Amino acid sequence: MLNFNVKQACFLFFILTGLFSTSFAQNNTGIILKGIIRNTNNEVVVGAILLLKKGSDGQVIKKTLSDNEGGFSFTSSATGTYVVSVSYLGVLAYQSDLLKLAENMDLGVIRLETTARSLKEVVIKSSGNKPLIKIEGRKMIYNIEKSITAQGTNALEALKKTPGLIVNQDNTITLNGASGALVMINGRQTYLQTEELAQLLKSMSASDLKLIEVIKSPSAEYAAAGTGGIVNLVLQKSIAEGFNGSINNGIAYGLTPKQNTNMNLNFRKGKVNMFGSYNHNFGHFAMDYDNDRTTNGKVYLNSSHDIDKKHSIGSTLGADYAIDTTKTLGIVINANFSGGGGLIIPVTNIYDEATGDLLQMLRSESSYPHQMAHRYNTNLNYRYKGSNSTSLDIDADYGIFDASTKNLSTNTFYSPDGSFQSANNFLVANSRDIKLYAVKADYGFPIWSGKILVGAKFSNVNANNVFNQYDMNGSHNVIDINLSNTFKYKEQISAGYLKYETPIIDNLSLDIGVRLENTHSQGDLQPRKGSSQLPTSVVRNYLDVFPTTAITYKTTQSGTYNLSFSRRVDRPAYNNLNPFSYPVDELSYWKGNPFLQPQYANTLALQYSYKRTTIATSYTHTSDISSSITEVMEGNIINMVPRNIGFQNNLNLTVTQQLTMAKWWNMSLTGIGYRLENKVGTVEYGNYSRSRFIGAINIQQSFNLPGRINAEVTGLVNSKRISGLNTYIKGNSQIDLGLQKNLMNDKATLRLAASDILRANKFNTDTRLNNLLRHTTYMGETRQLRLNFTYRFGNNKIKTKDSRESGLENESQRL
């Protein structure tokens, strides 16, 4: 952590960048690589898709289509080693050997094994030929659109199917055992915390997702947030000409009926593309959880039944305008809503630990007459991609998140014989108002044999949390000024990065960068007038340096090796900084920690990919790791407080294998094994170490059955693992089944899926800390039967001579 002025640092950073780019940027007229595409009947092939890739790492540099004479050409601004690939009708038809490009080169005639016809348009087909899991550079790409069992679920449920990801019962996400994964949507941050992010993902349909990208060790152009890495949700986007769309309707049943609808519309004409979507999820969702604890000679056995009655709705409206073949303007507006009631019924029996005698009973009820969350976000973007690999991307975002809840809690104590002892009833009214805006720019230009990327970003988040608790034991509600407060939090992050990527030799390339991020935050606790609480204000200002580097070695015989290093950060969520105690029930409270520090992670990763096999290993050291600690207070009341507890070491090995068992049977297998070590060093809990080897297996199988029926079987097994200060989580598993059949000349699809058929995806935890022994269980409504029907309408053809292609590539390549 550095303490010099951020304005001085950023000024110096961009002055040096400007001098560097001015001194060394080349004005190269370019080297031309050309050829002609013909089929086996010696007829020209129109509309074949050609990609020019770096020979060192396979990165796509340029994309074009063969013209009416079958011809194509690429212009490269730098000498080096390249590969040309040709796809036609959705199938990879040709890939060249390594081409050493030092001067103009003519590849002559490339012949494809195609049907003897010259098409004027290409029909869009389904993604059946795509592998379920693909590796591109540092990314693992999961083609979620191929999953039958994901249809009819929301985006949060879809994340659970991604190999290596675990979504915990509190909706936090871990990646290969590392907490703090950053979730992005179309390459953009949401700036939402765990609870708000979960609400957003629940309001998004899994049918809207095209890909889920997982980046364990991101490079410098990505925000440094997320010590576990980055998870990027890539949304569907049609590239067909004219008007087209799809509508998906489904029903599901677990313990109660549910209904989902998803509709997408797209219109593309000339330089204009307009698109929109709507989705909703209606129904109740049940959860059962226990929270048992033993402390100070007493045993508390607690069980709760929770019914969430919130409905969720999501919508998108956007447009792109292609100024010319290199420049595109775009706007995207998102709106997401959730609302409805809820009911939690907790029952707690209190026993004497020594004798086992029942001492007291607590009967509670928490009803939610009001729950609401609204999110609006607008994005303006500009894309430029020149013929000499020069690019400029500019994004501006403005968002509002508005949420509020009312919780009516009744708590009654009874003696062992059932006679009344005492009661305490209260109403909690909580509102959260979050406003954010962000602007960023990324500029890339060729230099020497490589490319410079430079960028800057500024984000501002203002959060206002109002908490009011009312005493309801009298004839009318009275606000408790000592248990009510307002917490305001403001966070500004100014960032800049510089990155250089270049081939070293024919098969070896380097990607090196550095990112500077200055964080200024202020949290203010404002008690009610006359309260015994004292105002609290915590201001922080710190500058961090995040270096990244990657070396890639690629050969056509033995595959690709990638060695990378990155440093990342997790800043405390504003709720975790609020020092006020919130009641969970009469015996449990949650409290923030205004002195909570960011946690930092350094990751060294090595990845090897060959054809359909990927082996990856990584080591991550996380310092100042934070965890929620359950502490026993006066009267055996427990307080859950986030604290920095020490550091964590994570040594990971992941193997992914794509298998073709038969012509009708494909399998994707991912095995993960990692050793997790938590070293605790605190004044309150002393020094000790907890370590464990943890394993997970994810198997996804697809079958082509008679009658043009497709089937899917997915299975996930997680072993026992450790979490936080001293918590052990028992192993769990899930098996899903799905069937799919296309109807109406492939314009419609019918899907039937059953999730968690053994009802084994439950969370069981055990925690022992000083004089507290705690056991929790959580079982959501994971076992469901779902039926979905999708109908696709409108034009599904792409013109081969489409001037929008370059503009489209600008958008897709950015993701």
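Above this note sits the structure.
Here's a quick rundown of the structure. (Residues numbered from 1 in each chain as written. Predicted model: local features only at pLDDT ≥ 70, side-chain atom pairs only at ≥ 80, totals over all residues. Heavy atoms only, no water.)

Focus on the nonpolar core
In step 1: In this structure, Leu159, Leu201 and Leu233 are the most contacted members of the largest nonpolar core, which totals 47 residues.
In step 2: Those residues in contact with Leu159 that lie beyond four places of it in its chain are Leu165, Val167, Ile173, Leu201, Ile212, Val231 and Leu233.
In step 3: Core analysis: the next-biggest nonpolar cluster, separate from the first, contains 19 residues, Val45, Ala78, Val84 and Leu112 among them. (Core = buried A, V, L, I, M, F, W, Y, C linked by side-chain atoms within 4.5 Å. Buried < 20%, exposed > 50% of the residue type's maximum accessible area, 1.4 Å probe, protein only. Contact = heavy atoms within 4.5 Å.)

Thoughts on the sheet that holds strand S17 (residues 209-215)
Strand pairing within a sheet occurs via backbone hydrogen bonds; the two strands may be parallel or antiparallel.
In step 1: Pairing is mixed across the open sheet formed by six strands, whose spatial order is S10-S11-S17-S18-S15-S16. Single-partner strands in this sheet number two, and they are strand S10 (133-136) and strand S16 (188-189).
In step 2: Sheet topology places strand S15 (residues 182-185) next to S16; two bridges connect them, and they run antiparallel. Across the sheet, the residue bridging to Ile185 is Arg188, located in S16. (Pairing = 2+ DSSP bridges. Helix = DSSP H or I, 4+ residues; strand = E, 2+ residues; numbered from the N terminus.)

Some words on the environment of Ala322
In step 1: Among the secondary structure elements, Ala322 is positioned in strand S24 (residues 311-322).
In step 2: Here Ala322 falls in the buried class, since its relative accessible area comes to 4%.

Considering the pattern of salt bridges
In step 1: In the structure shown here, the tally under the stated rule is 23 salt bridges.
In step 2: Two residues, Glu157 and Lys160, come together in a salt bridge whose shortest N-O distance is 3.1 Å.
In step 3: Given the relative accessible area of 26%, Lys160 is considered partly exposed.
In step 4: Each of Lys54, Arg138, Glu221, Lys499, Glu501 and Asp511 takes part in salt bridges that share partners, so that together they form one network. (Salt bridge = Lys/Arg side-chain N within 4 Å of Asp/Glu carboxyl O.)

Structural notes on unusual backbone geometry
Leaving glycine out, the prevailing phi sign among residues is negative, and the prevailing peptide bond configuration is trans.
In step 1: Of note, Trp448 is a non-glycine position whose phi angle comes to about 50 degrees, a positive value.
In step 2: With respect to the secondary-structure elements, Trp448 resides in the loop between strand S29 (420-447) and strand S30 (450-471).
In step 3: Positioned with a positive phi, Lys611 is a non-glycine residue whose angle comes to about 55 degrees.
In step 4: Following the sequence through the fold, Lys611 ends up in the loop between strand S38 (599-610) and strand S39 (613-632).

Notes on the sheet that holds strand S1 (residues 31-39)
In step 1: Spatially, three strands are ordered S4-S1-S8 in an open sheet, and the strand pairing comes out mixed. Edge positions in the open sheet fall to strand S4 (71-76) and strand S8 (105-112), since each of these has one partner strand only. Averaged over all pairs of adjacent strands, the angle between strand axes in this sheet comes to 20 degrees, irrespective of strand direction.
In step 2: In the sheet, S1 pairs with S4 via six bridges, with the strands oriented antiparallel. Residue pairing in the sheet places Ile32 in a bridge with Thr75 of S4. (Axes fitted to C-alpha atoms, helices over the stretch in contact; angles between N-to-C directions.)

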